[in-house]
Amino acid sequence: MSHDRARTDGSVPALELRGISKRYGPVVACDAVDLTVERGEVHGLLGENGAGKSTLMKVLMGLVSPDAGEIHRDGARVEVHTPQQAAGHGLGMVHQHFSLIEPLTVWENVALGEPGRIDRDAVCADVEAVGARYGLTIDPTARVERLSAGERQRVELIKALRRDPKVLVLDEPTSVLTIAESAALFEVLRTSVAAEGRGVILISHKLAEITAATDVVTVLRRGRLAFHCRTADTSAPELARRMVGRDVSLQAEGAALGLVVTDDPAKHLSPVLAGGLSAVPAEPPAPQAPADVPGTAALALHGLRLAGPDGRVLLDSLDLEVATGEIVALYGVEGNGQATLGDLLSGLIAPDAGEVHVAGRPVALDRPGALHEAGVGVIPEDRHRSGVVLDMSVADNLVMTDLRRYSGRLLMRRAKIRAQAEELVERFAIRTPSIDAPLRTLSGGNQQRVVLARELSAEPTVLVAAQPTHGLDVGAIEDMFARLREAAASGVAVLLISTELEEVMALASRIAVISSGRITGVLDVADASPQRLGMLVGGEAA
Amino acid sequence: MWLDDGGTVLSSALRLTAPLAFAACGEYLAERAGTLNISVEGMMLSGAFGAVAVGSATGSPTVGLVAGAVVGLLVALVHANLSHRIQINTFVVGLVINTLVLGLTSFLLQTMEFSRTQVGMLRIPGLADIPLVGVLFEQRWPFYLLLLVVPLTWFLVNRTRWGLELRAVGENPQAADVTGIKVNLRRRQALMWCGVMSGLGGAYLSVGLVGSFNNNMTAGRGFIVIAAVIFGAWRLKGTLLGCFLFGAADALRLALPSLGVELNPQLLVAAPYLLALTVMVLMARSQREPRALSKPFERGLV
Amino acid sequence: MTAPARRPLASYVVGNAGLRRPSADAWRTAGITVVCVLVACALAALLVAISGGSPTEVVDALVTGSVADSAGWSQTLVNAAPLLLVALGACIANRAGVFNIGQEGQLLIGAMLGCFVALRLQGPGWMVITVALVAAAAGGGAWSGISAAMYYTRGTNVVVTTLLLTFIAAQVVQFAVNSPSLLQETGIGNGPARPQSDAVPEYLRLASFGQYPDLTIGVGVILAVVATVVLAVLIARSRWGFRLNMLGLNPMAARHAGIRASRLGGSALVLSGAFAGLAGGVILLGTVFRLQPAISNNFGWDGLLVALVARSRPGLALPVAVLFGGLRAGSSYLAATGVPDYLVDVVQALLVLAFVVPPVLSALWGRRIRNRSAVPDTPARPSAAPAKEEVPV
């Protein structure tokens, strides 16, 4: 472990976590985890969902108090029980989902969460000074709601850096950034932050990012420290193995873990990312059967246009076709209209203009349920938001989109519902104590299976899967991949909306890239390279 | 002649505005922190009662005034802990508190004897002699507390760190929480300010204007305050303007018969509510409303 | 981490509260409820003591007026019927996730329209009564329909609009009973006309079965009980009830499943107003017989409280309405004890708290207990038993 490493220069690490343990009941979220971050070091923290990364960082930030363990800063033991204490000890964090208050201005957001009086002029000056130092220019008096995702990221960074943190934690910082913006971010981290002697902890589930941007990497698995090594001495496949705890077949599972499977990644990736990616073996993409049947596509989107309540364009003349039996991926950086399109295809919102055709017939988009009746099944991005009703039973959740089939003129047909539910639970291997259990009591993966079972049981023409693997563990991800391929093989047109390059490359036969609400290009997977996709994602023609 | 009548109506409008204005300062601040507080009615009513009870017992209406604010604070503490500690729906809490306060004050009024207790007038020489606006300077002395309370409320919300945190909590409690702000604590504190201000408003009504307490004395004034905050689009200036408009409508209703003007009194009583509804419909999409208004916050829930 | 599956505490009170609750919590909830009710009773006794009365005498008076004999029961039921009707409406709205608190005003408008029909429409008694009751329901429904329209077209807050409309309704009724051309009474003799309507003629009053001092049961009571049974079945078993619950629990999922919120939620709001309006009609034709500004007599507010105590379940609303009706009936016997009858209002409010607080407290405690002993819902461990709740942090 790192703190065993001989210290020839006699320096003290910027941060040392020793034996951090946190249990929730009988479950150990963190089991005696050690972590050492040197000054000027970018330290990657890698692990699956639930491996303990979040808990560890919450302990560090004073949001969770550990059962055991010590935190040392510059060699001295410190107590961190509140976020304020964490800040006082020079610990700063950039959260995955921005912690910015949209209606407030940049400077107000930057000042938020500190003690003491507010001095508007001083904060504004600070924002400009910090921005100038790190190349993160921003107008301190602008309202955050008017800023782009990249600019908001800047505000978060400025907010953290203004407090002059000795250790800066970034939690999945690139999820809303384009590849170019990500590269710029890592550039800032590398050249300014690390060079100024700060320690940086970079949490990510993207192996490519970790191998490219970090000096040292720590892998957590099931709450324990699974692996620790200098990044230069390891490889992406090894990290993947350490993360999962067994050998990983790159073709089947690599995508689930964030491995780009291409012939020569170093050639395609941006320079910053390319550094660490060298050991991924080449394998051809899985053979797909793009059923290019001439004539009508199973799903056709024509000129979809939609503006938000504030007048911002969310979808801009979006055109896309998906043929029967084909998996088409809609790839892009989070926040470029995917969520809007997902909502639209779930029937939650109607477009200002444009049409959706299913099997050649137009669908009345302003009528709730019309898309479902026309044969569009949807696995929504946020299943808790629109996919399920947590306080209703598994059985009710399995039939709720087809109530007419399960009711008479007035009353529900309970026996029919139960029969259907029993069958689907069996067929989709949904693990539940009973079909009458509230859906809330199921694990995330099983809730997702309930959604999938319901949508597929309606025998849809089209299946829209929006970020279907978000928050699932590797086993559930593999299962989801298999079911999507199976659906396509049985003749369903699958539209996969995803921000994960690896997922897209592994599943789709064609990749459409969305940027600022419009399709910037459609590539066959054989022609797609991260570089070309990256350019399209940035809004350039490739 | 019209100047005299105008002065009388204006004077009565100001007197009727003051209790609203006190409570509105509180409700404005509570709503900015995300609580649509319908128990402002109960807070005012309990403040009015507490002021008379204590004022009559001690013989000092000034002590009564302070007591009114304290009683309002106590009601606010109950509301705050029920809705922002153990997370019972704030409207349910508000409804129950209003029912409880109305029943309790009516009950106690019948079981106790109160003597008359009223604070004194404060006339500012010279200024009070100016025609028409002179009435501004001839009021019960707590009226002038508004000169302190209104700027203070504005300052608290817009210039202090506390106010910044209140606004953050009212707009996006999840983000505020991650930033290290104690969301429900801030909301409770905002409600307490609302309790003090509403109690003061109620006390001004009883020991200031009337000198005694009667059954259901506030008669829906708390809801007019809510209407005023909506009318003012969650800005203090507009809110106070709303209070004055609604106070003036009330004054007109009382003055019209003696002025010999025929105007439907029911319409005037309903005017504040009608205006507020109209404003709600017109402004619905203006996005001035705090985004997390009346949305409860629990850590870990989106 | 995945979004937690923890249930919002606020949902334990409004909006399908307790639709399906883990039964482990049920016993704890019941225990806390008993404690809370005892505390409420103790507080009430304290109040009685303050006022110089005797708690036993008060209980005696309340019982005498409500359930001691069949006359008392008759009074209890007469009071319970409008409370129950209002509460049924509130159950519908709460389940659909639209919180209507303007029943007092909807009830007034209902009574006004019912009165208008009863005094102006000529025809056989049964027909006029039916039309009057339908008009009352329509009036209440229209009044809450204003809020529904404002909500679904402009997104205004339903709680606020229904509340504000209550005060406007009071003024509308004031106007009606102060305008000779509308409903003000035609002065008898030379006295000035008072602000109330003429009395509804005898043959238009709701029939009741039984004769004083035996138990009498009015048509209003029968109406309310039938409505309760029908509504309970519909909510539990019908497609409409399924959709209503779905809309209230997750409007987004409901829309995905083809439910138009403006139609189903809007009609739920209108229906809740209609029940309040019907209650107004029943009060008018069953007990008061003329429109007065005070005819609503807090039945709207108290009916809403009944629904809150019953956690939006029609079946539970029935006994709660009888309890509240009994308190009202008993309050008229309090005068003899020297304790103001406002005591009953206080007791009602305390009772609501005693029933509303325990489920939430129980959930909080349950969460704490589980945190110490149970398995969190971590997707990384598919082998782990599915946990009831996410680990809060």
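Residues numbered from 1 in each chain as written. Chains lettered and ligands numbered in written order. Predicted model: local features only at pLDDT ≥ 70, side-chain atom pairs only at ≥ 80, totals over all residues.

Looking only at helices and strands, one finds 13 helices and two strands in chain C. A separation threshold of at least 6 residues defines the contact pool for chain C, and within that pool the share at least 24 residues apart is 74%. (Helix = DSSP H or I, 4+ residues; strand = E, 2+ residues; numbered from the N terminus. Contact = placed C-beta atoms within 7 Å.)

All right, on to the overall build of chain B then. What chain B contains, in helices and strands, is 11 helices and two strands. At 19 Å, chain B has a C-alpha radius of gyration in line with the 19 Å of a compact globule built from 302 residues. Considered along the principal axes of its C-alpha atoms, chain B spans approximately 65 × 45 × 35 Å. Of all 302 residues assigned to chain B, the portion counted as buried reaches 58%. Sequence separation of at least 24 residues holds for 77% of the intrachain contacts in chain B that already meet a minimum separation of 6. (Rg over C-alpha atoms; globule rule 2.2 N^0.38 Å. Buried ≥ 20, exposed ≤ 12 C-beta atoms within 10 Å, placed from the backbone.)

A word on the pairing of strand β9 (residues 216-221) of chain A. All names here are of chain A. The element β9 is largely enclosed, with a buried count of five among its six residues. Strand direction decides the pairing type here: strand β3 (residues 42-46) and β9, joined by four bridges, are parallel. Bridge pairing in β9 links Leu45 to Thr218. With six bridges joining them, β9 and strand β10 (residues 224-230) adopt antiparallel strand pairing. Within the sheet, the bridge partner assigned to Val217 lies in β10 and is Cys229. Connecting the antiparallel pair β9 and β10 is a turn made up of two residues, with Arg222 showing a positive phi of about 50°. (Pairing = 2+ DSSP bridges.)

To summarise the sheet geometry, strands pair through backbone hydrogen bonds and adopt either a parallel or an antiparallel arrangement. Residue and element names in this part refer to chain A. Taken together, the four strands give an open sheet; going across it, the order is β12-β11-β14-β15, and neighbouring strands pair in antiparallel fashion. This sheet does not close on itself; its edge strands, each paired only once, are β12 (313-322) and β15 (361-362). Of the strands in this sheet, β11 (299-307) and β12 touch helix α12 (residues 338-345), which is tilted by about 65° from β12. (Axes fitted to C-alpha atoms, helices over the stretch in contact; angles between N-to-C directions.)

Interface size is commonly expressed as the accessible surface area that is lost when the partners come together. On the chain C side, the residues contacting the 39 residues of chain B number 48 residues. Listing elements by their share of the side of chain B that touches chain C, those giving two or more residues are α4 (90-111), α9 (221-231) and α11 (265-283) of chain B. For the side of chain B that touches chain C, the element with the highest residue contribution is α4 of chain B, accounting for 13 residues. Here the side of chain B that touches chain C is composed, by residue class, of 27 nonpolar, 10 polar and two charged. (Nonpolar A, V, L, I, M, F, W, Y, C, P; charged D, E, K, R; others polar.)

With that settled, the discussion passes to the domain arrangement of chain C. All names here are of chain C. The domains assigned to chain C are domain 1 (25-53 + 338-363) and domain 2 (70-182 + 195-337). On a C-alpha basis, the centroid separation for the pair domain 1 and domain 2 is 26 Å. Classifying every residue of the side of domain 1 that touches domain 2 by side-chain character gives eight nonpolar, three polar and one charged. (Domains from an automatic or database assignment.)

Another point: helix α12 (residues 314-331) of chain C. For α12 of chain C, spanning 18 residues, the distance from its first C-alpha to its last is 25 Å, which sits close to the expected 26 Å at 1.5 Å a residue. Within α12 of chain C, 15 of the 18 residues are buried, which leaves the element mostly enclosed by the surrounding structure. (Expected span 1.5 Å × (residues − 1).)

Residue and element names in this part refer to chain A. Here we have four strands laid out as an open sheet, ordered β2-β1-β4-β5, and antiparallel in their pairing. For this open sheet the edge positions go to β2 (27-37) and β5 (76-78), each flanked by a neighbour on one side alone. Each adjacent strand pair in this sheet contributes to an overall mean axis angle of 30°, direction not counted. Pairing of strand β1 (residues 15-24) with β2, which is carried by seven bridges, proceeds in the antiparallel orientation. Paired with Glu16 across the two strands is Thr36, which belongs to β2. Relative to β1, helix α1 (residues 53-60) is tilted by about 115°, and along the sheet it contacts β1, β2 and β4 (68-73).

Of all hydrophobic cores here, the largest spans 397 residues; its most connected members are Leu496 of chain A together with Ala87 and Ala317 of chain C. The contact partners of Leu496 of chain A, leaving out residues within four places of it in the chain, are Ile327, Ala329, Leu330, Ala465, Leu484, Val504, Leu507 and Ala508 of chain A. (Core = buried A, V, L, I, M, F, W, Y, C linked by C-beta atoms within 7 Å.)

All names here are of chain C. Where helix α8 (residues 239-249) meets helix α10 (residues 261-288), the closest approach of the two axes is 11 Å, and the angle between their N-to-C directions is 100°. Between α8 and α10, the angle is such that the two are roughly perpendicular. Here Arg243, Leu244 and Leu247 of α8 lie close against α10, whose contacting residues are Ala261, Leu264, Gly265 and Ala268. Taken together, the residues of the contact of α8 with α10 break down into five nonpolar, one polar and one charged. (Parallel < 35°, antiparallel > 145°, perpendicular 65-115°, else oblique.)

Moving on: the environment of Ser331 of chain C. All names here are of chain C. Tracing the backbone through its elements, the reader meets Ser331 in helix α12. Along the primary structure Ser331 and Val344 are separated by 13 residues, whereas in three dimensions their C-alpha atoms are 6.3 Å apart. If we skip the residues at most four places from it in the chain, Ser331 touches Asp341 and Val344.

Residues and elements named next belong to chain A. Its place among the elements puts His302 in strand β11. Residue classification places His302 among the partly exposed residues on the basis of 15 C-beta atoms within 10 Å. Considering only alpha carbons, one finds His302 and Leu424, 122 residues apart in sequence, at a separation of 34 Å. Those residues within four positions of His302 in sequence are excluded, and the remaining contacts are Asp319, Gly354, Glu355 and His357.

The subject of this paragraph is the packing of helix α5 (residues 125-154) of chain C against α10 of chain C. Residue and element names in this part refer to chain C. Relative to each other, α5 and α10 sit at 140°, their axes nearing to 6 Å. The interaxial crossing formed by α5 with α10 has right-handed handedness. For the contact of α5 with α10, the per-class residue count stands at 16 nonpolar, 13 polar and no charged. (Left-handed = near helix turned anticlockwise from the far one by under 90°.)

So, on to unusual backbone geometry. All names here are of chain C. Here the phi dihedral of Asn297 falls at roughly 45°; this positive angle occurs in a residue that is not glycine. Tracing the chain through its elements places Asn297 in the loop between α10 and α11 (299-309). According to the C-beta neighbour criterion, Asn297 is partly exposed, with 17 such atoms within 10 Å. Despite not being glycine, Arg311 has its phi angle at roughly 50°, a positive value. Checked against the element boundaries, Arg311 lands in the loop between α11 and α12. A count of 22 C-beta atoms within 10 Å places Arg311 in the buried class.

Here we come to the pairing of strand β14 (residues 353-358) of chain A. Residues and elements named next belong to chain A. Examined bridge by bridge, β11 and β14 share five bridges and lie antiparallel to one another. The residue of β14 that forms the bridge with Leu299 is Val358. Strand direction decides the pairing type here: β14 and β15, joined by two bridges, are antiparallel. Considered in β15, the bridge of His357 is made with Pro362.

Detailed reading of the predicted model is not advised wherever pLDDT is low. Residues and elements named next belong to chain C. Taken over all residues, the pLDDT of chain C has a mean of 87, while the share at 70 or more is 87%. Residue range residues 1-5 is modelled with pLDDT below 50. Its contacts to residues more than four positions away, or to other chains, number 15 contacts. Segment residues 374-393 is flagged for pLDDT under 50; beyond a separation of four residues in sequence, or across chains, it makes 69 contacts in the model. For this predicted complex, the interface score ipTM comes out at 0.91, alongside a pTM of 0.87. (pLDDT = per-residue confidence, 0-100.)

This part is about α10 of chain C. All names here are of chain C. When the terminal C-alpha atoms of α10 are compared, their 38 Å separation across 28 residues agrees well with the 40 Å that a helix rising 1.5 Å per residue should span. Counting buried residues in α10 gives 22 out of 28 residues, a clear majority hidden from the surface. Two residues or fewer past α10, Phe289 is found with a positive phi of approximately 70°.

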